[in-house]
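Results of the structural survey
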Amino acid sequence: MAARQLLRAAPGRRGYSGAGAAEFLHRSIVPTMHYQKSLPRLPVPKLEDTITRYLNAQKPLLNDDQFRKTEELARAFEKGIGRELHDQLVAQDNQNKHTSYITGPWFDMYLKAREPVVLNFNAFMSFNPDPKSEYNDQLIRATNMTVSAIRFMKTFRAGYLEPEVFHLNPEKSDTELFKKIIRFVPSSVAWFGAYMVNAYPLDMSQYFRLFNSTRIPKLNKDELYTDEKAKHLLVLRNGNFYVFDVIDRDGNMLKPSEIQAHLKYILSDNSPAPAFPLGYLTSENRDTWALLRKKLLENGNEEALQKVDSAMFCLSLDDFPVKDFVHLSHTMLHGDAANRWYDKSFNLIITKDGTAGINFEHSWGDGVAVLRFQNEVFKDSTKTPAISPQSQPASVDSSKAVQKLDFKLDDALKAGITKAKQKFDATVESLSVDMIQFQEGGKELLKQKKVSPDAVAQLAFQMAFLRQYDQTVATYESCSTAAFKHGRTETIRPATVHTKKCSEAFVKELSKHSTEELQNLIVECSKYHGRLTKEAAMGQGFDRHLFSLRCLALSKGLALPDFYQDQAYARLNHNIISTSTLVSPAVQLGGFGPVVSDGFGVGYQVQDDWIGCNVSAYPARNGKEFLQCIYKSLEDIFNVLKGKKISS
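Residues numbered from 1 in each chain as written. Predicted model: local features only at pLDDT ≥ 70, side-chain atom pairs only at ≥ 80, totals over all residues. Heavy atoms only, no water.

In the nomenclature of an unreviewed UniProt entry, the chain corresponds to Carnitine O-palmitoyltransferase 2, mitochondrial from the organism Hirundo rustica rustica. Entered under Pathway (unreviewed entry) in the UniProt record, the comment concerning the chain runs "Lipid metabolism; fatty acid beta-oxidation." Taken from UniProt, the Subcellular location (unreviewed entry) comment for the chain reads in full: "Mitochondrion inner membrane". (UniProt positions renumbered as here; feature names shortened; annotations may be inferred.)

Structure representation (C-alpha cells):
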C-alpha cells in the first residue's frame, strides 16, 4: 500500500447504444502493457550491503552484548554459507530473466501460510462517499460501482487502460505529445524512453488476477485460480449466494439498468439467512478449509463452487448502515464472515447506507494494483455514473437471470461451519480497532520545515511505543518495488538509532535539550528515513534478500544456517509495529490486522493539513492508549518544529 502515485485517466466516453465507449473507462493511446517487456529487473543487493543494513536495523533493538553476538553471526554468514547461497541466488536469477528473484519465494510465503487469510493477510481500503449524497443509496452505488468495475476489467483486457506510470516531472511526461511519441517506440525498449523524461513505468503483471480469481485452499500450499472466460458476478447478501451474468455472449456488458434490476431483485429477496453460512469456511485455518472443501466437492457442490471461484468478483451487500469510523473499519476488515468470501481476489462491500470498501486477498498482489482499481472505479462511478436516482430498473425477469446457489451439506460440513463460526467470532471479539485524526498540521507544514512527512509519522510511532512500553521494537513499513519487473514489496525498517535517540530525548530527557537540539534530532531522523525509503524502493533493502537466501537454503535441504537461528533475527521478524500508508482521493481509510498477537496493525495517511491513523490490536496490547501516545508525540514534534517549547 505504500505506492503513492495516482494517474489521471484519459478522457473517453459514453452513450449506451450497446457496445462502444460505454464499455470502457478510456482508450489509452499507449497500450496498457507497452512498458512491461522492458521494465528493469529487481536487483539482488550485494551481500555485504545487506549485512550492513541488517546490522543497522538490529542496533536500536539490542544491548551491546546481544549486538556483538549478532554481528559475529552476521559476519560469519557473510564470509561462509551466506556467500555460497548468495552466489547461487544470483546464478538462479540470471537464468530467470523473465521474472524477479523474490517472485517464487514470496508467492510461496503467502500460499504456504496456514493461518486464516482474514485478519492475518487480507487488508481493506474504504471508498470516500459519493460527493452527491443521493447517489449513496445502496442499490444505486452498488450498480454504479459494479458497472465501473466491469468497465475497468474490459478496459484492461482490451489493452486500453492507461499504463501505470510514476511521473517525477508530469509537465514533460504526462502529456499527449509524449504519449503519441512513446507508443511508436518498440515495447522492448519503451521503458528507456519514459526514463529519459523522468517517468517510471510500473509493473502491471498482477492486474490480471483482479478479476475471475480466487485463492483455492489446498493441503500445505494453496493455489491461485483464474478463469477469464467466466461472465458472471457473485453477490452475497444475508449469507445467501447469488450469481448472474454481467457480460453477454458477444463480450458486451449487460445494460446498467439490467444490472440494477438484478441487484434490486437480490436486495428484495426475503429468503432467510442460511443456518450454516458457507462463507465462514474461508475464515478457517487453510488445511482445515482444504479438507472441508474436499468434502463439499464430494457432496455434489462442484458446480456451485465453480461459480463462486470463477466469478468476476464478489459483491457483498450488507443489511446495516455504518455507525462511525470504528464500525466502518470492523465492517471492511472482517465484517460478518457469512456475507464474505475472503478467498476472492477482492470483495466489494456496500452497506445499507451506500458506504463502500474493498477487502482484498493479499497473495496474488499488492496495494498498487488494488489502489489503481479503486481510484478508477471511484472516479468513473462518481463523475460519470451509469445510473442516477431517477433511473428505473429494466423490465426484465430477474428470477430467471439470477441464480441462487444452494449447497448440499452433510453433518461433517455443518459441524465444520459451526466450529469455524465459533473461532471466527472469538477472534473478532478480541480485536480492537481505534483511530485518531491529528488536525494540527500535515504534509504542507512538514514540507515547509524541510522534513519528510512519512518520517515524522514513523517517528511518532516510535516515540509513542517508547512512552507506552519503554521499549524500541521491530517495526515494519511496506514499500512497493513495482518499479521493477515482477517487483512486490520491500521493508523499510523505521526503528533506527536516530529515532531511538530522538524518542528518548522527547520522552525521557526533555529538560536536557533545547528546542533547536530537538529540531536537529527530528531532521536527522528524517534524512535517514528518506535514505531507507529510497533504498527500499530501488530494491536495496535487506529483508527480501535475506528471506530469499533462507528459502534457498531450505529448498536445497541444508541445515538452517546459525545466522537464521539467532534470537535477534527472530525478534526483528516479529513485527510488533506493522505499518502501511496510502494517500488517494478515492480512499477514506485503510487498515489491516496486527501481524503478531502482541502487535499493532497501523494504517495511516498524511494529508495536507491532517494526519489520520487507524490501529488494530489484540488484548496483549492497548490500541487506544497507543493512539493517545501517538497524538501526544505528533503534538510535541509539530510544536518543536514550530519553535515552541514543550513540556513532558
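Looking only at helices and strands, one finds 23 helices and 18 strands in the chain. Seen through its principal axes, the chain has C-alpha atoms that stretch 75 × 65 × 55 Å. Looking at the chain residue by residue over its 648 residues, the buried ones come to 59%. Restricting to contacts in the chain with at least 6 residues of sequence separation, those with at least 24 account for 77%. Charge-centre separation for the chain: the mean point of 81 positive side chains lies 3 Å from the mean point of 75 negative side chains. (Helix = DSSP H or I, 4+ residues; strand = E, 2+ residues; numbered from the N terminus. Buried < 20%, exposed > 50% of the residue type's maximum accessible area, 1.4 Å probe, protein only. Contact = heavy atoms within 4.5 Å. Lys, Arg positive; Asp, Glu negative; His and termini not counted. Charge placed at Lys NZ, Arg CZ, Asp CG, Glu CD.)

Let us now look at empty space enclosed by the protein. Counted according to the given criterion, the structure contains 6 cavities of 30 Å³ or more. Taken as a whole, the largest cavity holds about 140 Å³ of empty space. Forming the boundary of the largest cavity are 16 residues, of which Arg-53, Arg-493, Leu-532, Glu-535 and Phe-542 lie nearest the centre. Of all the elements in the fold, those that place two or more residues in the lining of the largest cavity are α1 (47-58), β14 (489-492) and α19 (515-537). Looking at which element gives the most residues to the lining of the largest cavity, the answer is α19, with 5 residues. Its residues placed into classes, the lining of the largest cavity shows 7 nonpolar, 5 polar and 4 charged. As a volume, the second largest cavity reaches approximately 110 Å³. What lines the second largest cavity is a set of 13 residues, among which Tyr-35, Glu-162, Val-165, His-167 and Lys-179 lie closest to the centre. When contributions to the lining of the second largest cavity are tallied by element, the ones reaching two or more residues are β2 (165-167) and α7 (176-182). (1 Å grid on protein atoms, 1.4 Å probe; cavity = no way out; pocket = protein on both sides within 12 Å on 5 of 7 lines; lining within 4 Å. Points joined across faces, edges and corners; volume = space filled by probe spheres on them. Nonpolar A, V, L, I, M, F, W, Y, C, P; charged D, E, K, R; others polar.)

Secondary-structure assignment places Thr-155 in helix α5 (residues 138-157). With a relative accessible area of 0%, Thr-155 lands in the buried category. Leave out the neighbours within four places in its chain, and Thr-155 touches Glu-23, Phe-24, Leu-25, His-26, Thr-32, Tyr-160 and Leu-161.

Throughout the structure, instances matching the rule amount to 36 aromatic pairs. Between Phe-24 and Tyr-160, the ring centres sit 5.0 Å apart and the planes meet at 85°, which makes this aromatic pair edge-to-face. Residue Phe-24 is found in the segment before α1, and its partner Tyr-160 is found in the loop between α5 and β2; the two are separated by 136 residues along the sequence. Note on Tyr-160: relative accessible area 25%, which makes it partly exposed. Ring centres 5.9 Å apart and planes at 75° place the aromatic pair Tyr-54 and Phe-542 in the edge-to-face group. On the criterion of sequence distance, the pair formed by Tyr-54 in helix α1 and Phe-542 in the loop between α19 and α20 (543-555) is long-range, its members being 488 residues apart. The pair Tyr-54 / Phe-542 is uniform in exposure class, with both members buried. One aromatic cluster is present, built from ring pairs that chain together Tyr-54, Phe-77, Phe-542, Phe-563, Tyr-564 and Tyr-569. (Phe/Tyr/Trp six-rings, centres within 6.5 Å; stacked < 30°, edge-to-face > 60°.)

Moving on, we get to the pairing of strand β5 (residues 223-226). The pairing of strand β4 (residues 213-216) with β5 spans 4 bridges and is antiparallel. Residue pairing in the sheet places Arg-215 in a bridge with Leu-224 of β5. Count of turn residues in the β4/β5 antiparallel hairpin: 6 residues, of which Asn-220 carries a positive phi of about 70°. (Pairing = 2+ DSSP bridges.)

This part covers the pattern of salt bridges. Under the counting rule described, the total for this entry stands at 37 salt bridges. Three or more residues are tied together by salt bridges with common partners; here these are Arg-114, Arg-215, Asp-222, Arg-286, Asp-287, Asp-343 and Glu-361. (Salt bridge = Lys/Arg side-chain N within 4 Å of Asp/Glu carboxyl O.)

We now examine the sheet that holds β14. Strand order in the open sheet formed by 6 strands is β12-β18-β17-β15-β13-β14, and the pairing between neighbours is mixed. Pairing within the sheet leaves two strands with one partner each, and these edge strands are β12 (432-438) and β14. Taken over all neighbouring pairs, the strand axes of this sheet differ in orientation by 25° on average, direction set aside. Sheet topology places β12 next to strand β18 (residues 611-617); 7 bridges connect them, and they run antiparallel. Across the sheet, residue Met-435 finds its bridge partner in β18, namely Asn-614. (Axes fitted to C-alpha atoms, helices over the stretch in contact; angles between N-to-C directions.)

Mean pLDDT for the chain: 95, with 97% of residues reaching 70 or above. Counting contacts from residues 1-20, a segment whose pLDDT is below 50, to residues more than four positions away or on other chains yields 66 contacts. (pLDDT = per-residue confidence, 0-100.)

In terms of burial, helix α12 (residues 325-333) is largely enclosed, as 7 of its 9 residues are buried. Listed in full, the buried residues belonging to α12 are His-327, Leu-328, Ser-329, His-330, Thr-331, Met-332 and Leu-333. Contacts made by the buried residues of α12 are with β1 (123-127), β9 (346-350), β10 (356-360), β12, β16 (587-591) and β18. Measuring from the side-chain oxygen of the N-cap residue of α12 to the backbone nitrogen of Val-326 gives 3.2 Å; that N-cap residue is Asp-324. Note on α12: the residue one or two positions beyond its end, Gly-335, has a positive phi of about 60°. (Polar contact = N/O pair within 3.5 Å; in protein donor to acceptor, adjacent residues only side chain to side chain.)

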